[in-house]
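This is what each chain is made of:
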Amino acid sequence: MTITEALWRELDQEDRTSGSGGWLARRLHPDSEQNIWIGVSRLDGRRRLTIGAPRSAFLKVPKRLRALDDVAGINLDVISASALHVVLNSPDLAEPFTALASDLAQRAAKSTPAKVVDDVLDQYALWRKMLKEVGRRGLSEGARRGLFGELYMLSHYLLPAVGAADAVEAWTGPDGTNQDFQLPGCAVETKCTANRNPVTLTINNEKQLDRAGAGRLFLSSVAVDERQGGVGRSLRTIVEEVRDQIPVAFQAAFDQRLAKSGYLGIHAEKYDEPRYTVTDSEVWEVRSGFPCLTVESIPAGISECTYKIDTRVLAEYACDVEEFHSVLRSSSEQ
């Protein structure tokens, strides 16, 4: 179940004279063995996610909490070694908090009583890192361009090939996976560059182009002309365009992934510039002989390898649009 703004409002409008305690609450994921609730304070309307767990699951939590200081406006706390509370104290962070709460609730629902607290704190740590980096300034120049490239891939390839439900679920880059898109039978790593002569692509580590467990693996490149003004599309524009392509039933999941990428509505006006005009788009299949580094191909003890690939040597690995769509469709059906 994805938490939405409408769900918070619906809860807030419930009869405040009924129920117990100082919070209006509703249980999430009732089929899960976890005890997961959202609540709205009767007193001041603050929002809260509560995840219950056995006392034994909280043994290492005090030490972990010392390393997870609060994000301004969002508080993480443990109540009586029986429940984890994540509370929104700053209304202007309502949008990222909703995405955060929904993601943590989904993570908890898939966990076990013994591991649920550790799993939720692991996920919270990723969100905390993103929120602290993005802050109130918004995404960096490189992060904006990278997100534009992922949304272009989603719009022009994934959505037409596999439909909204599978396309949004396949967009795993915001979760920090090895590739930006992962389907049951294939994976896609996307690069977006604004170089005047984009003949090289930067690969950030040895796992990005490692086929282990991926099925078929593809590398895509989106080259853009980036400038202030002009006739290109801004990041804000492509976000709105992609959202319009997605049925309402899947928009909350899409917005959750946007938030995990660092794209927050409070920054939307910052993303009217620069403008991007796509000048080229290519897809290559990473198969035997493809020039790349993988976990098995580098000596033990070496990791986090960053390197560049010269795209001029990739002609034999090129994949046309029709073939790529076909692979995406068949991969989603596996």
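Residues numbered from 1 in each chain as written. Predicted model: local features only at pLDDT ≥ 70, side-chain atom pairs only at ≥ 80, totals over all residues. Heavy atoms only, no water.

Once that is clear, we can look at the packing of helix 5 (residues 141-162) against helix 7 (residues 235-245). Two elements in contact, helix 5 and helix 7, have axes whose closest approach is 10 Å; the angle formed by their N-to-C orientations is 25°. By the angle between their axes, helix 5 is roughly parallel relative to helix 7. Note on packing geometry: the crossing formed by helix 5 with helix 7 is left-handed. In this structure, helix 5 uses Arg-144, Leu-147, Phe-148, Leu-151, Tyr-152, Leu-154, Ser-155 and Leu-159 to contact helix 7, whose residues at the interface are Leu-235, Ile-238, Val-239, Val-242 and Gln-245. By residue class, the composition of the contact of helix 5 with helix 7 is 10 nonpolar, two polar and one charged. (Axes fitted to C-alpha atoms, helices over the stretch in contact; angles between N-to-C directions. Helix = DSSP H or I, 4+ residues; strand = E, 2+ residues; numbered from the N terminus. Parallel < 35°, antiparallel > 145°, perpendicular 65-115°, else oblique. Left-handed = near helix turned anticlockwise from the far one by under 90°. Contact = heavy atoms within 4.5 Å. Nonpolar A, V, L, I, M, F, W, Y, C, P; charged D, E, K, R; others polar.)

Attention now moves to helix 5. The first and last C-alpha atoms of helix 5 sit 30 Å apart over 22 residues, in line with the 32 Å expected at 1.5 Å per residue. Burial analysis of helix 5 places 16 of its 22 residues in the buried class, which makes it a mostly covered element. Gly-163 sits one or two positions beyond helix 5 and adopts a positive phi of about 90°. (Expected span 1.5 Å × (residues − 1). Buried < 20%, exposed > 50% of the residue type's maximum accessible area, 1.4 Å probe, protein only.)

Turning next to the pattern of salt bridges. What the rule picks out here adds up to 20 salt bridges. Residues Glu-241 and Arg-233 are paired through a salt bridge, measuring 2.8 Å at the closest nitrogen-oxygen approach. The exposure class assigned to Glu-241 is partly exposed, which follows from its relative accessible area of 30%. The salt bridge partner of Glu-273 is Arg-275, with a shortest N-O separation of 3.7 Å. Taking the relative accessible area as the measure of exposure, Glu-273 reaches 26% and is therefore partly exposed. We classify Arg-275 as partly exposed; its relative accessible area is 25%. (Salt bridge = Lys/Arg side-chain N within 4 Å of Asp/Glu carboxyl O.)

This part takes up the nonpolar core. The biggest cluster of nonpolar side chains holds 84 residues, and the ones touching the most others in it are Ile-74, Leu-151, Leu-154, Leu-158, Leu-235 and Leu-328. In terms of residue count, the dominant contributor to this core is helix 5 (11 residues). Aside from chain neighbours lying at most four places away, what touches Leu-328 is Tyr-157, Leu-158, Ala-161, Val-162, Leu-183, Cys-186 and Val-188. By size, the runner-up hydrophobic cluster in this structure holds 14 residues, among which are Leu-201, Leu-209, Leu-219 and Phe-290. (Core = buried A, V, L, I, M, F, W, Y, C linked by side-chain atoms within 4.5 Å.)

This part is about the sheet that holds strand 3 (residues 47-52). Taken together, five strands build an open sheet; the order of strands is 1-2-3-5-4 and the sheet is antiparallel. At either end of the open sheet lies a strand with only one pairing partner, and these are strand 1 (23-28) and strand 4 (74-79). Going from strand to strand, the sheet's axes swing by 20° on average, the running direction of each strand aside. Of the pairings in the sheet, the one linking strand 1 to strand 2 (residues 35-41) comprises six bridges and is antiparallel in character. Looking at strand 2, one finds that Leu-24 is bridged to Val-40. Here helix 4 (residues 116-134) sits on the sheet in contact with strand 3, strand 4 and strand 5 (83-88), set at roughly 165° to strand 4. (Pairing = 2+ DSSP bridges.)

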